[in-house]
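# Analysis of the macromolecular model
In case you want the letters, here they are:
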Amino acid sequence: MSSKEKQVFLCASCGHESGKWLGRCPQCGEWDTLSQAKAKPRLLRTTAQVFPLNGQGGEEAERLVTGISELDRTLGGGIVPGSMILIGGDPGIGKSTLILQLLAALAQQQHKVLYVSGEESVRQIRMRAERLAVQSEQIFLAAENSVQAILSLVDEVQPAFLAVDSIQTLYSETVSSAPGSVTQVRESTSLLVNLAKRTDLPIILIGHVTKDGSIAGPRVLEHMVDTVLYFEGDSSQVFRLLRTVKNRFGSTNEIGVFEMKESGLAEVDNPSALFLAERPVNVPGSVVMPSVEGTRPILVEVQALVSPSSLGTSRRTAIGADPQRLALLTAVLEKKIGVTLFDHDIFLNIAGGIRIDEPALDLAVIVALLSSLYEKIVDPATVVCGEVGLAGEIRAVGQIEMRLREARRLGFKTFLMPESSRRQLEASAAEGIQIYPVRTVHEVVERLFVA
């Protein structure tokens, strides 16, 4: 058998190549994901170039500012020429709507843009554009699945920006497998990456997601692109979060906040006020926590409901937070405070549909649980944040001054924080707000719940 006909087995989850079939992929550990495919012949390059590190061309390229500030924030300040951007999200979350609004914003700056869809016809795209009131002679549309045909369209139109919806619908004519397969996704992406780097053409790809919320296709897809964005939100809620999970040209913790309206996605300039707009006042189980996402502080409401369980096994449910972290904090309360929670159902919710993953959420969860359990109200003008350790200690959190400024800006009067974080603050930073430093969960109980 010649090298061109050599058979390999590719993992549908991570793209790992194996010379023989295996029941479990040695790279990602998934079962029954290897399938047979033809290996591509390796091309030998006879010449190569090297360049000195401090040569010319090391300065950062001028970014293409879209004019959509929430999107520019997640991209690190704008679109870098020649970059590959991958955006994923649940069906119907608003990915295509966001892309069309992005193209409209670039077209208003007299940039010629090309929108290629492998899922919709040109007529369907025009119908959505009419609903969003998008009209421009600088936007060109095409319904095409062949990557080679897309490359020809780019040579013909010469756009300043290319959008492809979606990468799982594309196929390369040099590969015999079906669109959406590991080989096709990797080959199609490789050709588009080569186009972007060769011509400095920025490209954005829309990707489908699996049931667990990750982008469908091989994991190597996320490694090939420069930026990966996830569009999050509940279809029953009006808020949408655009979260950066990978960015070679900026922070990986940024989020952009949008509100879904009939006319499309609207930017939310003050998400803290929006998330707290419907917060109940003087209700047990509710507390405000200052979170930091990238360079943006956001105040969110943490809600807890603790009630006696009528079942044999009590329930632990967390929405917008890590359920494992909730179980850990519940165990800390039982061990260090002596409260009885094993026979209580516990429900935790981060209001507004946002998800918080940072450890600074721990102290707010503890306070909300105790507030609901004791049926005691936490002062509505109080914010809390801090990491809780297994010994019941309250550990320091980062960017405390940024959290403090946001709480003070929205009129909060009291800040419950770790004592070690209080020592890091300058004296002038605490003006206008009362600081209550705590070291252990015992001190939290004494300060908030003991008369």
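Quantities reported herein were computed from a predicted structural model and do not represent experimental measurements. (Residues numbered from 1 in each chain as written. Predicted model: local features only at pLDDT ≥ 70, side-chain atom pairs only at ≥ 80, totals over all residues. Heavy atoms only, no water.)

## Describing the packing of helix 8 (residues 323–337) against helix 9 (residues 362–374)
To be explicit about the condition: Every axis in this analysis is a line fitted to C-alpha atoms, fitted for helices over the stretch in contact. Angles between the N-to-C directions lie between 0 and 180 degrees. Helix numbers and strand numbers start at the N terminus; a helix is a DSSP run of H or I with at least 4 residues, a strand a run of E with at least 2. These descriptions rest on fixed angle ranges, namely under 35 degrees for roughly parallel, over 145 for roughly antiparallel, 65 to 115 for roughly perpendicular, and the rest for oblique. Each helix crossing is assigned a hand: it is left-handed if the near helix lies turned anticlockwise from the far helix by less than a right angle, otherwise right-handed if that turn is clockwise. Contacts between residues were defined by any pair of non-hydrogen atoms, one from each residue, lying within 4.5 Å. All residues other than Ala, Val, Leu, Ile, Met, Phe, Trp, Tyr, Cys, Pro, Asp, Glu, Lys and Arg, Gly among them, are scored as polar; the first ten of these are nonpolar and the last four charged.
Two elements in contact, helix 8 and helix 9, have axes separated by 10 Å at closest approach and are oriented at 60 degrees. Looking at the two axes, helix 8 sits oblique to helix 9. Our pair here, helix 8 against helix 9, has a crossing hand that is right-handed. Here helix 8 contributes Arg325, Leu326, Leu329, Thr330, Leu333 and Ile337 to the contact with helix 9, which in turn contributes Asp362, Val365, Ile366, Leu369, Leu370 and Tyr374. For the contact of helix 8 with helix 9, a count of residues per class yields 9 nonpolar, 1 polar and 2 charged.

## Some thoughts on helix 3 (residues 122–131)
Residue pairs three or four apart in sequence face the same way in an α-helix, which turns once every 3.6 residues. Counted only if it meets this: Throughout this description, buried means an accessible area under 20% of the type-specific maximum (1.4 Å probe, protein chains only), exposed means over 50%, and partly exposed covers the range between. Directions pointing from the helix axis toward each C-beta atom define the arc.
Taken together, the buried positions of helix 3 are occupied by Ile125, Arg128 and Ala129. Relative to the axis of helix 3, the buried residues are bounded by an arc of 105 degrees and lie together on one face. Exposed and facing more than 90 degrees away from the buried side of helix 3 are Arg123, Arg126, Met127 and Glu130. Close packing links the buried residues of helix 3 with helix 2 (95–108), strand 5 (113–117) and strand 6 (139–143).

## Remarks on the packing of aromatic side chains
Counted only if it meets this: Classification of ring pairs uses Phe, Tyr and Trp, with its six-membered ring standing for Trp, and accepts pairs whose centres are within 6.5 Å; under 30 degrees between planes counts as stacked, over 60 as edge-to-face, and the remaining range as tilted.
Scanning the entire structure with this criterion turns up 3 aromatic pairs. Look at Phe231 and Phe258: their rings are 6.2 Å apart centre to centre, the planes differ by 75 degrees, and that puts the pair in the edge-to-face class. With a gap of 27 residues between them, Phe231 in strand 9 (residues 227–232) and Phe258 in strand 11 (residues 255–261) connect regions that are remote in the sequence. Each of the two residues, Phe231 as well as Phe258, counts as buried. Consider the rings of Phe239 and Phe275, whose centres lie 5.5 Å apart with planes at 70 degrees: the pair is edge-to-face. Of the two residues, Phe239 is situated in strand 10 (residues 239–247) and Phe275 in helix 7 (residues 271–275); the sequence distance between them amounts to 36 residues. Residue Phe275 is classed as buried on the basis of its relative accessible area of 6%.

## A short note on the pairing of strand 6
For a regular strand, side chains alternate in direction, first toward one face of the sheet and then toward the other. Put simply, the rule reads: A pair of strands is considered paired only if DSSP assigns at least 2 bridges between the two. Clockwise travel from the first strand over the helix to the second, with the strands pointing away from the viewer, marks a crossover as right-handed.
Examined bridge by bridge, strand 5 and strand 6 share 5 bridges and lie parallel to one another. By the bridge assignment, Val116 is partnered in strand 6 with Ala142. With helix 3 bridging strand 5 and its parallel neighbour strand 6, the resulting β-α-β unit is right-handed.

## Quick look at the pairing of strand 14 (residues 296–308)
The pairing of strand 13 (residues 286–293) with strand 14 spans 8 bridges and is classified as antiparallel. Residue Val292 lies in a different strand from strand 14, and its bridge partner there is Pro297. Pairing of strand 14 with strand 16 (residues 344–350) involves 7 bridges; the strand directions are antiparallel. For Gln303, the partnering residue across the bridge sits in strand 16 and is Asn349.

## Points about the nonpolar core
Put simply, the test is: Take the buried residues of types Ala, Val, Leu, Ile, Met, Phe, Trp, Tyr and Cys, join any two whose side-chain atoms come within 4.5 Å, and each joined set is a nonpolar core.
Counting residues in each nonpolar core, the largest one holds 63 residues, and the members touching the most others are Val302, Ile354, Leu361 and Phe415. Looking at this core element by element, the count peaks at 8 residues for helix 9. Among the nonpolar cores identified, the runner-up in size contains 33 residues, and Leu64, Ile87, Phe161 and Ile204 belong to it.

## Remarks on the pattern of salt bridges
This is how it is decided: Any Lys or Arg side-chain nitrogen found within 4 Å of a carboxyl oxygen on Asp or Glu counts as a salt bridge.
Across all of its chains, the model carries 16 salt bridges by this definition. With a closest N to O distance of 2.6 Å, Asp226 and Lys197 form a salt bridge. Here Lys197 lies in helix 5 (residues 182–199) and Asp226 lies in the loop between helix 6 (220–224) and strand 9, a separation of 29 residues in the sequence. Residue Lys197 is classed as partly exposed on the basis of its relative accessible area of 43%. Ionic pairing is found between Asp357 and Arg355, a salt bridge with its closest N-O pair at 3.1 Å.

## So, helix 2
To keep it simple, the criterion reads: An expected span of 1.5 Å times one less than the residue number is assigned to each helix.
Helix length check: helix 2, at 14 residues, gives a terminal C-alpha distance of 20 Å against a target of 20 Å (1.5 Å per residue), a fit within 8%. Where burial is concerned, most of helix 2 is hidden: 13 out of the 14 residues are buried. Gln110 sits one or two residues past helix 2 and shows a positive phi near 65 degrees.

## Details of the packing of helix 4 (residues 147–157) against helix 5
Following both chains from N to C, one finds helix 4 and helix 5 inclined at 15 degrees, their axes separated by 10 Å at the closest point. By the criterion of interaxial angle, the relationship of helix 4 to helix 5 is roughly parallel. Along this stretch, helix 4 crosses helix 5, giving a crossing that reads as right-handed. Packed against helix 4, whose contacting residues are Val147, Gln148, Leu151 and Val154, the element helix 5 presents Ser188, Leu191, Leu192 and Leu195 at the interface. Its residues assigned to classes, the contact of helix 4 with helix 5 comprises 6 nonpolar, 2 polar and no charged.

## Quick notes on the environment of Glu334
What counts here: Polar contact criterion, stated in full: a pair of N or O atoms within 3.5 Å, where within protein one must be able to donate a hydrogen and the other to accept it, and residues adjacent in sequence count only if both atoms are side-chain atoms.
Topologically, Glu334 is positioned in helix 8. Taking relative accessible area as the criterion, Glu334 reaches 29% and is therefore assigned partly exposed. For the pair Glu334 and Ser96, spaced 238 residues apart in sequence, the C-alpha separation works out to 48 Å. With residues near it in sequence (within four places) discarded, Glu334 still touches Val339, Thr340, Leu341 and Phe342. Here Leu341 takes part through its backbone nitrogen, which lies 3.1 Å from a polar atom of the side chain of Glu334.

## What to know about the side chain of Gln101
Here Gln101 is to be found in helix 2. Judged by its relative accessible area of 18%, Gln101 falls in the buried class. Beyond its immediate chain neighbours, meaning those up to four positions away, Gln101 contacts Ile68, Leu132, Gly264 and Leu265.

## Remarks on the sheet that holds strand 8 (residues 203–207)
One open sheet holds the 9 strands; their spatial order is 6-5-7-8-4-9-10-11-12, and the pairing between them is mixed. Of all strands in the sheet, those bounded by a partner on one side alone are strand 6 and strand 12 (264–267). On average, each strand axis in the sheet is tilted by 25 degrees relative to the strand beside it, whichever way the strands run. This element, helix 3, spans strand 5 and strand 6 of the sheet and lies at about 140 degrees to strand 6.

Geometric values such as these leave the question of function open.
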